[in-house]
There are 2 protein chains.
Amino acid sequence: MGLRIAIFDDNKNIRESISMLLNTEPDFALVGSFGHVLDCVRDVRESKPDVVLMDIEMPGMTGIEAVKAIKKEFPQVQILMQTVFEDDDRVFDSICAGASGYILKNFLNTKLVDAIRELQYGGSPMSPSVARKVLNKMQSVSSVIMPEEAPDYHLTPREKEVLGCLVNGQSYKMIAAELFISYETVRSHVKKIYEKLHVASLTEVVAKAINQRIV
Amino acid sequence: MGLRIAIFDDNKNIRESISMLLNTEPDFALVGSFGHVLDCVRDVRESKPDVVLMDIEMPGMTGIEAVKAIKKEFPQVQILMQTVFEDDDRVFDSICAGASGYILKNFLNTKLVDAIRELQYGGSPMSPSVARKVLNKMQSVSSVIMPEEAPDYHLTPREKEVLGCLVNGQSYKMIAAELFISYETVRSHVKKIYEKLHVASLTEVVAKAINQRIV
DNA sequence: GCTACAATCCCCGAAAGTGGTGACGGCTGG
DNA sequence: CCAGCCGTCACCACTTTCGGGGATTGTAGC
């Protein structure tokens, strides 16, 4: 049984080149070749490919949106992006959209078959230069998702509970009702929280709590 | 001029194997070979490598911490992680720590020299299987850093400015002073913001603004 | 020229939050 | 057993925010 492959590329010559490349591999079956992505979901549904080659620069809907749409309907489809540029943001966006590999058009001839094989075996082919961009992006966002050791403010469990309600935008009254305590008690907790977080207003508390992931 | 390389690996045999591998390349210079990372910063300072090969499994300080320490002092040093496992989390942690490449020990013989060359040229060598793990991680965190399509609330520039001050915990008075407008004007803007964000209190505004990165 | 809207300003009454101070029971560790 | 902390509640005086109005200027678009 062969590997079913579909191409999306607005350049007819490239589609034909790829087609010829794939023909050299006996177990590769080209099941679709499309010049635009406007009907990409339907195209994929009908051609049922295992692997999709997607040009990142496409007229109409961009290749990245197409990836999103296809991945949403057919999560198991492996998508290999092909592009002439190594644009940082688009590499990143493609990955977030669900692309599994990234190949430069300059290297289609020499690398395409290998790349597809890698996809087949569960890898993510990408050139080291693209990988570098991915890593850079990753490092730049790691500070966002890991907000350098959050200082411990020694909040008691109850205080954390109140804090959680605050960041949900609840008023003292609402919190009192939810926690089955009096309005004044909520105030007491909030006052303690103010002291411990060294702030003086609700907005500061909420901002600090969210930014430092105390919630 | 050659490329200066240092090795950190607790296995003496591996260090020697690598040493021999590197010797086959005339422009590679092994400037350090260390069995532990306890003095890694000092070792790097003294041996001044361009590229560091770091074993991820090390006694005492872990290789990942070592990467962090080295990168902090010498950000320009390229670090290639080597490991026997393709552990998702550690791959991810290494990248966040600042590693630039990832190579499996099984493939040291065939890939090491190529990998170092890639590093030299500004790439990030990694096997497709490792790349896949990186991509997976990336996709899983993308939802955190891009919290489901941020709707556009059509805030005017001025409103965004006020909103920015709010999430900094400033009171209306302080904002008025900072933006050189009257207290009442600040109120007007805030009222508009309330309408547009469909909220009814400052805390909700702050929470929404931060969580949806409107700031 | 008219409309739309951003940006500025104003007032009032009601609601919510802030700061300080004090108090009570319960539980824990020295 | 007593000091210390958590969690609970209360009162007072004060500031700030909220939710309705309404008003003016200027600018951009039809």
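Residues numbered from 1 in each chain as written. Chains lettered and ligands numbered in written order. Predicted model: local features only at pLDDT ≥ 70, side-chain atom pairs only at ≥ 80, totals over all residues. Heavy atoms only, no water.

(A) Seen up close, the protein's contact with DNA strand D. The full set close to DNA strand D counts 20 residues, and A:Thr156, B:Tyr172, B:Arg187, B:Lys191 and B:Tyr194 are the nearest of them. Contact distances for DNA strand D include 2.7 Å between a phosphate oxygen and a side-chain N or O atom of B:Lys173. Per-element tally for the surface near DNA strand D: the top contributor is helix H9 (residues 183-197) of chain A, with five residues. Here the residues of the surface near DNA strand D sort into seven nonpolar, seven polar and six charged. (Near = heavy atom within 4 Å. Polar contact = N/O pair within 3.5 Å; in protein donor to acceptor, adjacent residues only side chain to side chain. Helix = DSSP H or I, 4+ residues; strand = E, 2+ residues; numbered from the N terminus. Nonpolar A, V, L, I, M, F, W, Y, C, P; charged D, E, K, R; others polar.)

(B) Representation of helix H4 (residues 88-97) of chain B within the structure. Looking only at H4(B), the buried set comprises B:Val91, B:Phe92, B:Ser94, B:Ile95, B:Cys96 and B:Ala97. The positive-phi residue at the C-terminal boundary of H4(B) is B:Gly98, with phi of around 120 degrees. (Buried < 20%, exposed > 50% of the residue type's maximum accessible area, 1.4 Å probe, protein only.)

(C) Inspection of the relation of the copies chain B and chain A at higher detail. Mapping chain B onto chain A leaves a residual RMSD of 1.5 Å; the transformation is a rotation of 179 degrees accompanied by 1.1 Å of translation along its axis. Look at the turn and shift together and you get a two-fold axis relating the two. Every residue of chain B has its C-alpha some distance from the rotation axis, and the shortest such distance is that of B:Thr203, at 2.6 Å. (Least-squares fit on C-alpha atoms with pLDDT ≥ 70 in both.)

(D) Broad picture of the sheet that holds strand E3 (residues 51-55) of chain B. Residue and element names in this part refer to chain B. With respect to topology, five strands assemble into an open sheet ordered E2-E1-E3-E4-E5, the strand pairing being parallel. Strand pairing shows two members of the sheet lacking a second neighbour, strand E2 (28-34) and strand E5 (101-104), which therefore form its edges. Neighbour to neighbour, the strand axes of the sheet diverge by 25 degrees on average, direction disregarded. Strand contacts of helix H2 (residues 40-47): strand E1 (3-8), E2 and E3, with the helix running at about 160 degrees to E1, the strand carrying the most contacts. (Pairing = 2+ DSSP bridges. Axes fitted to C-alpha atoms, helices over the stretch in contact; angles between N-to-C directions. Contact = heavy atoms within 4.5 Å.)

(E) The sheet that holds strand E1 (residues 3-8) of chain A, seen in detail. Residue and element names in this part refer to chain A. The five strands lie next to each other as E2-E1-E3-E4-E5, forming an open sheet whose pairing is parallel. What marks the edges here is a single partner per strand, and that holds for strand E2 (28-34) and strand E5 (101-104). Adjacent strand axes in the sheet meet at a mean angle of 25 degrees, parallel and antiparallel pairs treated alike. Summarising the sheet, E1 and strand E3 (residues 51-55) pair through four bridges and their orientation is parallel. Bridge pairing in E3 places Ile7 opposite Leu53. Most of the contacts of helix H2 (residues 40-47) go to E1, to which it runs at about 160 degrees, and overall it touches E1, E2 and E3.

(F) Structural detail: the side chain of A:Ser124. Among the secondary structure elements, A:Ser124 is positioned in the loop between helix H5 (108-120) and helix H6 (128-145). The class for A:Ser124 is buried, based on a relative accessible area of 1%. Of the polar contacts made by the side chain of A:Ser124, one reaches the side chain of B:Arg132; its length is 2.7 Å.

(G) Focus on the environment of B:Met20. Residues and elements named next belong to chain B. The topology assignment puts Met20 in helix H1 (residues 12-23). Judged by its relative accessible area of 57%, Met20 falls in the exposed class. Each C-alpha atom of the pair Met20 and Leu30 lies 9.7 Å from the other, and the pair is 10 residues apart in sequence.

(H) Layout of the protein's contact with DNA strand C. Taken together, 19 residues lie around DNA strand C, and A:Tyr172, A:Tyr194, B:Thr156, B:Ser182 and B:Ser188 are the ones closest in. Those atoms of DNA strand C that come within 4 Å of the protein belong to sugar or phosphate at a rate of 51%. Here A:Tyr194 contributes a side-chain N or O atom positioned 2.5 Å from a phosphate oxygen of DNA strand C. Interatomic distance of 2.8 Å between a side-chain N/O atom of B:Thr185 and a phosphate oxygen of DNA strand C.

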